[in-house]
Every structure is written in C-alpha cells, then in structure tokens.
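So you can see what is in the structure, the chains are spelled out below.
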Amino acid sequence: MTGFNLDDFILQLRAAAGESEPVQKVRFQDTQAISRAMPEFENDDEVLFEDDSVSIWFVRFMPGLHVPPHDHQTTATIGVYEGAEDNHFYLREGGQLVHKSTRRVEPGDVIALKPDGIHSVEAANGKQSCGIHVYLARLTTIERSLFDWETGEAAPFSDDNYDRMKRMTA
Ligand SMILES: [Fe+2]
C-alpha cells in the first residue's frame, strides 16, 4: 500500500522543479491516497508552497464554471487526483482566438503547458475536480493575461477581468 504525505510530496515537487525535465516526473500514482490525505480546503485555490522558483497550488474546479482563456508566463504542470479537468487549448490567429484541442485530464494524469500556452478549464462530467498545479515561478507576482474568447485580445489577469470573462455553463 502506498502512503501519501503532503509535506513529502511538496518536497518531491520542489526537487523536481529544479531539474531540466521537471515536474511531470513526479507521478500521482495513488490518487486515492492523495485524495484521502489532502486537507478539506475551503477555497477553490490554495497556495501549498511558494518561493521564487516554484509555486504549488491546490486547485478545485466546480461544475458550471468555465475558467476563461489565460496564460501563465511560466511552465505550468497540472496533475489531477479527483474528478477530471477539461483543458481547452487555443492559439491567437488573425484577430481570433482559435480552439486547437481539448485534453481531459483524469486522476493520475499529468500535463505541462509552456509559458505562452493558452488554456481555458472546466470540470468534466458535471463533477468537481481536484488537482495540484505546479508553476516554475512565484505565480502570485507574475503579470499574466486573460484572453477574449472571440478576438483573443489580451487583458491583465485581474479579479475584475476574470469575473467579467468567466462563463457559467450550468
Ligand atoms: Fe491555468
């Protein structure tokens, strides 16, 4: 039986973040153990650890909310341990935001986005998803963008812009 300890997991992620092929190597092998061990967070976003080189977040997506297209300006690695995330990927082409692909990230899956990668995210199957997102920088201090769903025009990633651009789907 595989145990899971959040402090150890954070240490592993921090170590992986310093390597050339980073965080994807840290596997979410026993997602049920992770699920059992993770605290019940009140907020949908919680910073588990942050320094200048890495940010480790708990991220929950609730059904009915589609998080608007955005970038991270740093490599983002997403692992899911409960539910599933639908990640939609876009490129800005000719004054439009063009949907290129969608990836359903399920328990145990880990994906990585490049710093200029644009995605929107929603919980899959009408159920909440819980994951751990790892960014190779101090995310809270990064100036990053939200992108208009139609034109792809960039806007600062602020709470006001987020609320204006989010889509309620339920
Ligand atoms: Fe994101």
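All values reported here derive from a predicted model rather than from experimental measurement.

1. Some points on helix 1 (residues 6-17)
Piece 1. Here helix 1 contains 12 residues, and its C-alpha end-to-end distance of 16 Å stays within 8% of the 16 Å for a straight helix at 1.5 Å per residue.
Piece 2. Residues of helix 1 that are buried include every one of Leu 6, Phe 9, Ile 10, Leu 13, Ala 16 and Ala 17, and no others. The buried residues of helix 1 occupy an angular sector of 125 degrees when projected down its axis, which confines them to one face. In this structure, helix 1 carries Asp 7 and Leu 11 as exposed residues pointing more than 90 degrees from its buried face.
Piece 3. Of the surrounding elements, those touching the buried residues of helix 1 are strand 1 (45-50), strand 2 (55-61) and strand 9 (129-135).

2. Here's the deal with the coordination of the iron ion
Piece 1. Around the iron ion, the protein contributes the donor atoms His 70 (NE2), His 72 (NE2) and His 119 (NE2), at 2.1 to 2.2 Å from the metal centre.
Piece 2. Each donor residue of the iron ion lies on the same chain, and together they follow the pattern H-x1-H-x46-H. Here the residue His 72 occupies a position in the loop between strand 3 (65-70) and strand 4 (76-82), and His 119 occupies one in strand 8 (residues 118-123), the gap between them amounting to 47 residues.
Piece 3. Residue class for His 72 comes out buried when judged on its relative accessible area of 2%.

3. Some points on the packing of aromatic side chains
Any aromatic ring pair is given by two values, namely how distant the centres are and how the planes are angled relative to each other.
Piece 1. Counted according to the given criterion, the structure contains 4 aromatic pairs.
Piece 2. The interplanar angle of 35 degrees and the centroid separation of 4.5 Å between the aromatic rings of Phe 41 and Phe 58 together place this pair among those described as tilted. With a gap of 17 residues between them, Phe 41 in the loop between helix 2 (31-37) and strand 1 and Phe 58 in strand 2 connect regions that are remote in the sequence. Each member of the pair, Phe 41 as well as Phe 58, carries the same accessibility label: buried.
Piece 3. Consider the rings of Trp 57 and Tyr 135, whose centres lie 6.4 Å apart with planes at 85 degrees: the pair is edge-to-face. On the criterion of sequence distance, the pair formed by Trp 57 in strand 2 and Tyr 135 in strand 9 is long-range, its members being 78 residues apart. Note on accessibility: Trp 57 and Tyr 135 belong to one class, buried.
Piece 4. The ring of Trp 149 has Arg 167 lying over it, and the distance from NZ or CZ to the ring centre is 3.9 Å.

The rules we used
Residues numbered from 1 in each chain as written. Predicted model: local features only at pLDDT ≥ 70, side-chain atom pairs only at ≥ 80, totals over all residues. Heavy atoms only, no water. Helix = DSSP H or I, 4+ residues; strand = E, 2+ residues; numbered from the N terminus. Expected span 1.5 Å × (residues − 1). Buried < 20%, exposed > 50% of the residue type's maximum accessible area, 1.4 Å probe, protein only. Arc of directions from axis to C-beta. Contact = heavy atoms within 4.5 Å. Donors = N, O, S within 2.8 Å, 3.2 Å for Na, K, Ca; no water. Phe/Tyr/Trp six-rings, centres within 6.5 Å; stacked < 30°, edge-to-face > 60°. Lys NZ or Arg CZ within 6 Å of the ring centre and 35° of its normal.

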